[in-house]
Amino acid sequence: MSKAKGKPNAMTPSSSLAGSAMPSRLAIDHVEPEIDEGLSAIKRVAGEEVRVFANIYPDGHDLIGAALCFRHASEEDWHEVPMQPLGNDRWVGTFVVKSLGSYFYTLRAWVDRYASWRGDFAKKVQAGRQVDVDLLVGVGLIEQAAKRADGQAGERLADWARDIRALSKTNLADALKLADDDFLVGLASRHADRRSTTMYRKELEVIVDRRKARFSAWYEMFPRSASPEPGRRGTVKDVEARLPYVAGMGFDVLYLPPIHPIGRSVRKGKNNNPHSGPDDIGSPWAIGSEEGGHKSIDPRLGTLEDFRRLVAKTQEHNMEIALDIAFQCTPDHPYVKEHPEWFRWRPDGTVQCAENPPKVYQDIFPIEFENENWQQLWEELKSVVLFWAEQGVRIFRVDNPHTKPFAFWEWLIREVKAQYPETIFLAEAFTRPNVMYRLAKLGFTQSYTYFAWRNTKWDLTQYFTELTQTEVREYFRPSLWPNTPDILT
């Protein structure tokens, strides 16, 4: 593997040829993996390979060399690994991503004049042609390669050229044999003339996550259900006592649904009753009360200090906390009073609640992203994720991301991962396939799937073929849940 400073550009069409670089003689196309013509990144975890394929071919019959170029986003120089021909102008190259963040990769190719000469020269020798002059042409190409090489490689090539030239005068057979030395031919090819290098027109991106992004086993627990005493609601502290049980089953992620204060004014009762009793806790996804919002813990569950202790204790059992992010509010959420422009107001002066006709969710106000104060809204919601990241959370299960703008998620995920690159975002999106795949392309690390609804052999075969045998495998990491918090399939 070598390094290359900067990246040469392909020739730009111009009405005048004066001052233009030598035009390219090669084509590079049908690159894989390449998602959405390079607009979307592929995904890997640290330590995995990226195997790149491409059609690379010249005009005429010259032989060529090709290299796969890559760099981490923090680097300026490109690393380079040689590509290998597979036949029929198809080439392949591989590199390993080692660090979290973004990598970029592209391709370059050039005419290998010495390899081309060697191929034609061998045919002339086999045909019994007079080749003494042709041999000197090859010597000249080796001498040019020696000037481009540094240090020992340059000296080795210069000695090789000198030895062939000397033998050509006394023992042509030995000179021909020496000119065909595989090692020295490879050395000449590595220092080929690249003045007319063709560079692929795009830099493609790889998003690299930690290994838990590829596989994890989640256990969902409502802290209120963790009490060892019948009739008493559990707390964050009670969850600690359950950690050995969860870890003992092989889970490495403990997922907590929202732990924030729950609204009171239109709190739901049992079985989705729109009227609640004094002992009803409501839906944990109905976030916000006079006790706080998305950056608060329901005081009945514990304190922020209790939560930080739980995060640390969970790590002692080789697990992590995954926290729910649900960007929605109850009528009692502080946002409703502080930022009424963040919600949709009806003609009668009430706020539009969440609906999925015929279902009505009176206890939830969707956030109105299309408002004049959207920049402040985006920054505030980002601060929610960063707040919990500061408490030690690095995994977030995002509720219904498909009901929020694509651009918002692309921005938020990149902003958060710029500070905490190890963060994992799970998209809880049961929706149309294109929308689910789009969310994955925008940066979600893992994704809900249709697995829970696939029951027959044909269903499963078709779906797993789609997930593993199409380009989807390059960016969509499917989570296979046997059931969901609210649906037992």
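Before reading on, note that the structure itself is shown above.
So, here is what we can say about the structure in this document. The structure displayed is predicted, hence computed values, not measured ones. (Residues numbered from 1 in each chain as written. Predicted model: local features only at pLDDT ≥ 70, side-chain atom pairs only at ≥ 80, totals over all residues. Heavy atoms only, no water.)

### Some words on the sheet that holds strand β14 (residues 320–325)
Moving on, step 1. Strands sit in the order β12-β13-β14-β19-β20-β21 across an open sheet of six strands; the sheet is parallel. Both edges of this open sheet fall to β12 (218–220) and β21 (446–447), since each of them pairs with a single strand only.
Moving on, step 2. Pairing geometry for β14 and strand β19 (residues 395–399), over four bridges, is parallel. From the neighbouring strand, Leu-323 faces β19, where its bridge partner is Phe-396. (Pairing = 2+ DSSP bridges. Helix = DSSP H or I, 4+ residues; strand = E, 2+ residues; numbered from the N terminus.)

### Some words on helix α9 (residues 374–390)
Moving on, step 1. The end-to-end C-alpha separation of α9 is 24 Å, in line with the 24 Å expected for 17 residues at 1.5 Å each.
Moving on, step 2. Those residues of α9 that sit buried are Leu-377, Trp-378, Leu-381, Lys-382, Val-384, Val-385, Leu-386, Phe-387, Trp-388 and Ala-389.
Moving on, step 3. Each element contacted by the buried residues of α9 is listed here: α7 (304–316), β14, α8 (334–338), β19, α10 (406–419) and β20 (424–428).
Moving on, step 4. Count one or two residues on from α9 and you reach Gly-392, which has phi positive near 105 degrees. (Expected span 1.5 Å × (residues − 1). Buried < 20%, exposed > 50% of the residue type's maximum accessible area, 1.4 Å probe, protein only. Contact = heavy atoms within 4.5 Å.)

### Observations concerning the environment of Val-435
Moving on, step 1. If you trace the backbone, Val-435 turns up in helix α11 (residues 433–442).
Moving on, step 2. On the accessibility criterion, Val-435 (10% relative accessible area) is buried.
Moving on, step 3. C-alpha separation for the pair Val-435 and Asp-159, spaced 276 residues apart in sequence, amounts to 62 Å.
Moving on, step 4. Setting aside its immediate chain neighbours within four residues, Val-435 contacts His-402 and Phe-406.

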